[in-house]
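What follows is each chain in one-letter form.
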Amino acid sequence: MRKGQGIAAGDFGGVKILYEDNHVICAVKPCGTLSQADGSAAADMLTILKAYIKEKYGKQGDVYLGLVHRLDRPVGGVMVFARTSKAAGRLSAQIRGRTVKKVYFAVLGGSPGGASGRLEHIIKKDRMVNLVRVTEAESTDAVSKDYAALDYVTLAAQTPCDSMDGSGGGGRGGVAASGARNSPLTLVRVNLITGKPHQIRAQFAHIGCPVIGDRKYGGAARDRQRQSYAPAPGGSMLVQMPEGPALWAASLAFSHPVQKAPIIVSAPPPDEYPWNLFARESYNNM
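Starting afresh in each chain, residues are numbered from 1 along the sequence in its written order. In view of the model being predicted, local features appear only for residues whose pLDDT reaches at least 70, and side-chain atom pairs are presented and counted only at 80 or more, with totals across whole chains, interfaces and linings using the full set of residues. As a rule here, side-chain values come from all non-hydrogen atoms in the structure, and water together with hydrogens is ignored.

Student: It is not clear to me how the overall build of the chain should be interpreted in this structure. Could you clarify?
Tutor: Elements are defined by DSSP. Helices are runs of H or I of four residues or more, strands are runs of E of two residues or more, and each kind is numbered from the N terminus. Counting its regular elements, the chain contains 4 helices and 15 strands. Partly exposed describes any residue whose relative accessible area lies between the buried limit of under 20% and the exposed limit of over 50%, with all areas from a 1.4 Å probe on protein chains only and scaled to the type maximum. The proportion of buried residues among the 286 residues of the chain is 48%.

Below you can see the structure in the form of structure tokens.
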């Protein structure tokens, strides 16, 4: 097994390159960066990585780079791109066949219940408002094109009332909250079984545990009801809630499109709020 992290590490235009060869390139998308240009002047991964390839290898003319999957603009983390059309077709086939393993971390407002679990729903995208609608799934719906499933594992939780004295509650310091003593922040690891638009955000919101900072699916409303603090010497210190959903694409595992060897690329979330409320060891198991 070839692990991408550290094989060809580098940085270009604020984008960390994790792995590259003649067929694929894997990189970390910063939060707020588009996966693909949308006609605005905003930075996007395809343009950045094409410029990287052009500069590094002295390419003349247009550079081919295939987009085989996307991350929502506010979500950061690991992505893989194809450097040839053959690689693009084979990677896309793996994604359609659900053989690419995608692991995410998320910080939820509330607890989904239990040490682990599976969420299964029917989700349909409303393109008029760019939202997905979630309904309960029946057992026979696994064959539906609208079927969405994920597995989660609870890694840590910060119970607000546990940390008023700054002693913390299972991670690096605690979180104190006003009016939210029964609503902890919960760090979960998510293994996607299907890959639907907004799936993780919509499914957790549907069960009453929205990803914090998520303006589309209720996490921001939960944030407004919560005054969150991190312990500081001599008392508590106000911490700004995240500007976007606390969701991070932590790792990808796939078969190399030409050599067939298994490839794993991974990157932990940034050492900033809310990720730094939890011990960094929590992010080792991707």
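Student: Could you clarify how one ought to interpret the pattern of salt bridges in this entry?
Tutor: When the charged atoms of two side chains lie near each other, side chains of opposite charge can form a pair. Any carboxyl oxygen of Asp or Glu that lies within 4 Å of a side-chain nitrogen of Lys or Arg is treated as forming a salt bridge with it. One pass over the full model with this rule turns up 6 salt bridges. Across the salt bridge formed by arginine 133 and aspartate 126, the nearest N and O atoms sit 3.3 Å from each other. In this structure arginine 133 comes out as partly exposed when scored by relative accessible area, which is 46%. Assessed through its relative accessible area of 24%, aspartate 126 is described here as partly exposed. Each of the salt bridges in this network shares a partner with another, and the network as a whole consists of Asp72, Arg201 and Asp214.

Student: Looking at this structure, how should I read unusual backbone geometry?
Tutor: Trans peptide bonds make up the majority, and among non-glycine residues the majority have a negative phi. Proline 274 follows tyrosine 273 through a cis peptide bond whose omega is 0 degrees. Within the element layout of this structure, proline 274 appears in the segment after strand S15 (262-266). Residues other than glycine seldom take positive phi values, yet asparagine 130 does so here, at roughly 55 degrees. By relative accessible area, asparagine 130 is classed as partly exposed at 32%. With a phi close to 70 degrees, lysine 260 is a non-glycine residue in the positive phi region. With respect to the helices, strands and loops of the structure, lysine 260 is situated in the loop between strand S14 (247-255) and S15. Given a relative accessible area of 53%, lysine 260 falls into the exposed group.

Student: Just to check I follow, could you spell out the packing of aromatic side chains for this structure?
Tutor: Two aromatic rings are characterised by how far apart their centres lie and by the angle between their planes. The aromatic pairing rule takes the rings of Phe, Tyr and Trp, using the six-membered ring of Trp, and pairs them if the centres are within 6.5 Å, calling planes under 30 degrees apart stacked, those over 60 edge-to-face and the rest tilted. Throughout the structure, instances matching the rule amount to 4 aromatic pairs. Centroid distance phenylalanine 12 to tyrosine 52: 5.5 Å. Interplanar angle 65 degrees. Geometry classified as edge-to-face. Of this pair, phenylalanine 12 sits in strand S2 (residues 10-12) while tyrosine 52 sits in helix H1 (residues 45-57), and the two are 40 residues apart along the sequence. Taken as a pair, phenylalanine 12 and tyrosine 52 share a single burial class, namely buried. Ring geometry for tyrosine 152 versus phenylalanine 204: centroids 5.8 Å apart, planes at 65 degrees, classification edge-to-face. Here tyrosine 152, found in strand S10 (residues 147-158), pairs with phenylalanine 204, found in helix H3 (residues 199-206); they are 52 residues apart in sequence, far enough to count as distant. Owing to a relative accessible area of 5%, tyrosine 152 belongs among the buried residues under this scheme. Since its relative accessible area comes to 0%, phenylalanine 204 is described here as buried. What links up through ring pairs into an aromatic cluster is the set Phe105, Trp275 and Tyr283.

Student: What is the right way to look at the environment of arginine 133 in this model?
Tutor: Residue position: arginine 133 is located in strand S9 (residues 131-136). Counting along the chain gives 65 residues from arginine 133 to histidine 198, while the straight-line C-alpha distance between them is 10.0 Å. For arginine 133, the residues in contact, after removing those within four places along its chain, are Ile122, Ile123, Lys124 and Asp126. Whenever two N or O atoms come within 3.5 Å, that pair is a polar contact, provided that in protein one can donate a hydrogen and the other can accept it, and provided that, for residues adjacent in sequence, both atoms are side-chain atoms. Of note is the side chain of arginine 133, whose polar atom sits 3.3 Å from the side chain of aspartate 126. Contact criterion: two residues are considered in contact whenever any of their non-hydrogen atoms come within 4.5 Å of each other.

Student: Help me understand the environment of alanine 156, please; the structure alone is not making it clear to me.
Tutor: Mapped onto the fold, alanine 156 is located in strand S10. Given a relative accessible area of 9%, alanine 156 falls into the buried group. Distance from alanine 156 to leucine 277, taken between C-alpha atoms, is 9.8 Å for residues 121 residues apart in sequence.

Student: Hey, could you run me through the pairing of strand S11 (residues 185-192) in this one?
Tutor: It is a general feature of regular strands that their side chains alternate between the two faces of the sheet. Along S11, 7 of the 8 residues are buried, which leaves the element largely enclosed by surrounding structure. Two strands pair when backbone bridges link them, and S10 and S11 are joined in this way by 8 bridges, in the antiparallel orientation. Pairing of alanine 156 across the sheet is with leucine 187, part of S11. By definition, two strands form a pair when at least two bridges between them are found by DSSP.

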